[in-house]
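# A look at the structure
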Amino acid sequence: MPKIRISVLVPRPFAEPFDYLSPQELAPGTIVRVPFGRQEIYGVVWKRNEKAPAQALKAILEVVDVPPICEASLQFIAWMSDYTLTLPGQILKMVLPVVEAFEDLSKKRALPETRPPHPPHLSAGQQEAADCLRESLDRAQYQTFLLEGVTGSGKTEVYFEAIAHLLERQGQALILLPEIALSAQWLQRFERRFGFRPALWHSAVTEAQRKATFLALLKGEVRVIVGARSALFLPFPDLRLVIVDEEHDGSYKQEEGVIYHGRDMAVARARFSEGTCVLASATPSLETLANVEAGKYTPLLLPARFGEAEMPQVQMVDMRPLKMAAQTWLSPALRGALEETLARGEQAMLFLNRRGYAPLTLCRECGDRQMCPHCSLSLVHHKVQEKLICHHCGHMSPIPPQCPACQEVGTYTAIGPGVERIYEEVQTFLPEARCVLLTSDHLTTPKKIAACVQQIQNHEVDILIGTQIMAKGHHFPLLTLVGVVDGDSTLSGSDFRAAEKSFQLLHQVAGRSGREERRGKVLLQTFLPDHPLMQALVAQDRENFFALEAEQRQLHGFPPYGRLVAVILSGKNEGEVEKTARLLARTFPLHGKAELLGPTPAPLSYLRGKYRWRLLVKTEKGMAPQPLLRHWLLTRPPPVSVRVQIDVDPYSFF
Ligand SMILES: [Zn+2]
Ligand SMILES: [Zn+2]
């Protein structure tokens, strides 16, 4: 007869754990199978419940034969639930992502092959930084480092040393990479250095692999996991080292479901397991720099390597006085540089962060613009599919033969360039050049990406034309020219981080040019040559530019000098959404350190068939906004037809 009452957290959206009866004492973190409504599901023992067992309670069905989830993971779930204002069960769902794995427990797993490792020769600067990380791992106390150095300064080798040190001892390491599916070159380096393949965790990993990795991790058999942001929730038994590569990268932010910033959660996860956290970047975020300034993070600065990998020379092309021929976007300077580069037998890349053929499709006669029927967004013309596509909801429609507004036939015209159109332009003026398009529309699988990278490395391609997926990680020795088609494109919009993000992106793009012994060149086409961003890129002066940025943020109390929380209301009924937003604004509690901005229609005021309104809460840096939000939003729950999304520390504003 079961005697003990235990509380079990289940991976469902409830605020509290549920009570069950157990025949024996079970440690917190134990994974159990329990009846839940008419289902049987897996949950985690949350705590011993001191109340007397009641007859009406159901009994747990099974104790899963794996070690309990560690204390640090449980603390992390509770903390993150508090921080992001989401229910703990929703976070548990990310901690136990493949419970189906428990049915495979009896299966045997093949051990990974290993080869001898290849330790590299480190420069004095790298050695010094690696020593700091090794010492931190030996102290086994929480510490976060900012590992900063320009492209080619050898940040990866430094954190590889920390992994090597950990492998000689105990515990696990987690490495987060942005766009992990694109990281074939990184994985090759890892294998060469350590002689084995790390376990991978991202959306392109097969279900069978995920299950095997998950079980092996729970049993402590996996030492190193490389993954996307979702990997940081895995129940590592003894996580001692967390590395966030390209820590400034926007892809660490999860914008749907449980909304969080992977970098910040990684730091917290390391804190709960008394681990070492390394944030690596050539262009650290202002948030991270502010934490260094406040003494919370320890800076490790790598000097550029002498001789090799000199940073490319950045030149501006002032587009204002140029009389460009119709439907062309490449200046004479850029065209000339492309020809010269190809004549030398080298490769070039053209960067434009705009997918498709043209961002706008207008009727020549009446100006009617093709909009997504479900979103307040223009449809983007894609040549490959010969369709108009919405980049937010995926809606597709053919190009209308007749304008629905003025009834004229064949009047729709593509306005402005996307990468597909630049491809067309290059082919017209350099018909001999072998070009390849690099966008998420063309490179849809890791296999296609790997094949394309190989083609470029084999010099079967002369000109790469792509969006930001090419800005990351790849290393092509023959690539010596980067042309930025529209340096101004990411500056517009309502995002207070626009200048910072533009700098990080363009700096990263520039870094693709001229690695190893050939010095690279970057041509930056702009209509805003006097803008501090362009000046900073040419002078390669991140410090002054970011100081200027920081000043602006400080002045307005924006992050990292203040806190922001976005509250997005959405629903099918426009009037109801607006009414709810206004009501919420009226009930916002008066507080000396908190301010409400809005309500206003969200920048994307109509998305996937729903109207959206936004309220922004701004608090002073020292004040945690969560208690205020909890109190405020609970006083008057919105009608069920209006969805409330809370984004603590918002990164995108749409
Ligand atoms: Zn028309
Ligand atoms: Zn849409």
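Bear in mind the structure is a predicted one, so any value in this text is a computation, not a measurement. (Residues numbered from 1 in each chain as written. Chains lettered and ligands numbered in written order. Predicted model: local features only at pLDDT ≥ 70, side-chain atom pairs only at ≥ 80, totals over all residues. Heavy atoms only, no water.)

Here the focus is the pattern of salt bridges. Tallied over the full model, the rule gives 32 salt bridges. Here E500 and R553 are joined by a salt bridge, their closest N and O atoms 2.7 Å apart. One end of the pair, E500, is in helix α12 (residues 498-510); the other, R553, is in helix α14 (residues 542-556), with 53 residues separating them in the sequence. In this structure E500 comes out as buried when scored by relative accessible area, which is 2%. Residue class for R553 comes out buried when judged on its relative accessible area of 2%. Measuring nitrogen to oxygen at the nearest pair gives 3.4 Å for the salt bridge that ties R563 to D649. In this pair, R563 is assigned in strand β26 (residues 562-571) and D649 in the segment after β29 (643-648), connecting sequence segments 86 residues apart. Here R563 and D649 have matching classes, each one buried. Members of the salt-bridge network, linked through shared partners, are D131, R134, E161 and R193. (Salt bridge = Lys/Arg side-chain N within 4 Å of Asp/Glu carboxyl O. Helix = DSSP H or I, 4+ residues; strand = E, 2+ residues; numbered from the N terminus. Buried < 20%, exposed > 50% of the residue type's maximum accessible area, 1.4 Å probe, protein only.)

What follows deals with the coordination of the zinc ion (ligand 2). Donor atoms from the polypeptide that bind the zinc ion (ligand 2) are C372 (SG), C375 (SG), C390 (SG) and C393 (SG), placed at 2.2 to 2.4 Å. Taken together, the four donor atoms surrounding the zinc ion (ligand 2) define angles of 104 to 114 degrees at the centre, an arrangement classified as tetrahedral. Counting residues between consecutive donors of the zinc ion (ligand 2) along the chain gives the motif C-x2-C-x14-C-x2-C. With C372 in the loop between β17 (360-363) and β18 (380-382) and C393 in the loop between β19 (387-389) and β20 (396-397), this pair connects stretches of sequence that are 21 residues apart. Judged by relative accessible area, C372 falls into the buried class, the value being 5%. (Donors = N, O, S within 2.8 Å, 3.2 Å for Na, K, Ca; no water. Tetrahedral: all angles 85-135°; square planar, octahedral: opposite > 155°, others 65-115°.)

Right, let's talk about the nonpolar core for a bit. Looking at soluble globular proteins, one finds that nonpolar side chains tend to be buried together. In this structure, I31, F102, L174, F214, I225, L464 and W632 are the most contacted members of the largest nonpolar core, which totals 109 residues. Counting residues per element, this core draws most heavily on α12, which supplies six residues. What W632 contacts, discounting residues up to four positions off in sequence, is V567, L584, T587, F588, P589, L596, L615 and V617. Formed by 32 residues, the second largest nonpolar core is a distinct cluster that contains A129, Y159, F194 and L302. (Core = buried A, V, L, I, M, F, W, Y, C linked by side-chain atoms within 4.5 Å. Contact = heavy atoms within 4.5 Å.)

Here the focus is the pairing of strand β16 (residues 347-351). Within β16, five of the five residues are buried, leaving the element largely enclosed by the surrounding structure. Alternating positions in β16 separate into two faces, Q347, M349 and F351 on one and A348 and L350 on the other, with burial throughout. With five bridges connecting them, β16 and strand β24 (residues 479-484) associate as parallel partners. When the sheet's bridge partners are listed, M349 is paired in β24 with V482. Two strands pair when backbone bridges link them, and β16 and strand β23 (residues 463-466) are joined in this way by four bridges, in the parallel orientation. Residue pairing for β23: M349 is matched across the bridge by L464. (Pairing = 2+ DSSP bridges.)

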